[in-house]
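Descriptive analysis of the structure
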Amino acid sequence: MKRAYAIALVLTLLVMLLPAPSAAAAADISVVRVRLTTNNATSIIMSVSGEYFISENGRSFSGGSLTLRAANGVITVTHSVEGELFSGKSLSVKSAKMDPAAGSMYFNSRRYLGHFNVKLLSTGYIQIVNEVPLAHYLYGVVAYEMNDAYPLEALKAQAVAAKSYVLVSVLASPNADYHIGDTSSDQVYKGYNSA
């Protein structure tokens, strides 16, 4: 009986000595922000499928194409049908509905789901960060780290490894502009792949 009390006391003391939950523990791990490769572009054209809006001014658009052009210290956003939508140093292009069937943006020969945070860098180049739910991020990693010819159990293991890797990045810098890049320096992320 004394031994059980001693063990309970030791366990209680150990729990009390554990550090309190940190801010990282409260981080939103359901969303991943991925810096997309833009090859130092000052102009980018994105094909639009679905409904989107610009967070800063509420302007909405669907279909067509979106042109981002950096000049004179600002990014000008023009839609093929709606005309000029926004001009400024940064903006957020939000999907009206966060669902693979709701639409996507297509550029760099890739289809991307989710939201897009666009920023003019001090170098004059455009930076695009794709903000997606963790599951949508995995759609764009597992399919490119391994193909669907691999055994199902290997694909499952790759999904667990990819998820673990990105969660470390998210928890390490929850408030950063982006958590991870899209190249093999981090994990190969090429947007949505239904396979």
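Here goes a summary of the coordinates provided. (Residues numbered from 1 in each chain as written. Predicted model: local features only at pLDDT ≥ 70, side-chain atom pairs only at ≥ 80, totals over all residues. Heavy atoms only, no water.)

1. Quick notes on the side chain of Ser 95
To be explicit about the condition: The secondary structure listing takes helices from DSSP runs of H or I that are at least 4 residues long and strands from runs of E that are at least 2 residues long, numbered from the N terminus. It only takes one pair of heavy atoms within 4.5 Å for two residues to be counted as in contact.
Within the secondary structure, Ser 95 is located in strand 7 (residues 90-95). Not counting residues within four places of it along the chain, the set of residues in contact with Ser 95 comprises Glu 51, Tyr 52, Phe 53, Gly 114 and His 115.

2. Notes on the pairing of strand 10 (residues 115-120)
Spelled out, the test is: Residue burial is assigned from relative accessible area. The probe radius is 1.4 Å, only protein chains are included, and a residue is buried under 20% of its type maximum, exposed over 50%, and partly exposed in between. One requirement defines pairing of two strands: DSSP has to find at least two bridges between them.
Counted residue by residue, strand 10 has five buried out of six residues, so it is predominantly covered. Note: strand 7 against strand 10, four bridges, orientation antiparallel. Among the inter-strand pairings, Ser 92 is bridged to a residue of strand 10, identified as Asn 117. Note that strand 10 and strand 11 (residues 126-133) share six bridges and pair antiparallel. Looking across to strand 11, one finds that Val 118 is bridged to Ile 128. Joining the antiparallel neighbours strand 10 and strand 11 is a turn of five residues, in which Gly 124 adopts a positive phi near 95°.

3. Brief notes about the side chain of Asp 182
Here is the rule: Working convention for charge: Lys and Arg count positive, Asp and Glu count negative, and His plus the chain ends are omitted. Just to be clear on terms, a salt bridge is a Lys or Arg side-chain nitrogen sitting within 4 Å of an Asp or Glu carboxyl oxygen. Any N or O atom pair separated by 3.5 Å or less is treated as a polar contact, with the protein-specific requirement of one donor-capable and one acceptor-capable atom, and with residues adjacent in sequence counted only for side-chain atom pairs.
By the element assignment, Asp 182 lies in the segment after strand 12 (180-181). Here Asp 182 is buried and forms no salt bridge, its nearest opposite-charge partner Arg 110 lying at an N-O distance of 4.2 Å. A polar atom in the side chain of Asp 182 sits 2.6 Å from the side chain of Thr 37. Contact partners of Asp 182, with chain neighbours within four places excluded, come to Val 34, Arg 35, Leu 36, Thr 37, Arg 110, Tyr 112, Gln 187, Val 188 and Tyr 189.

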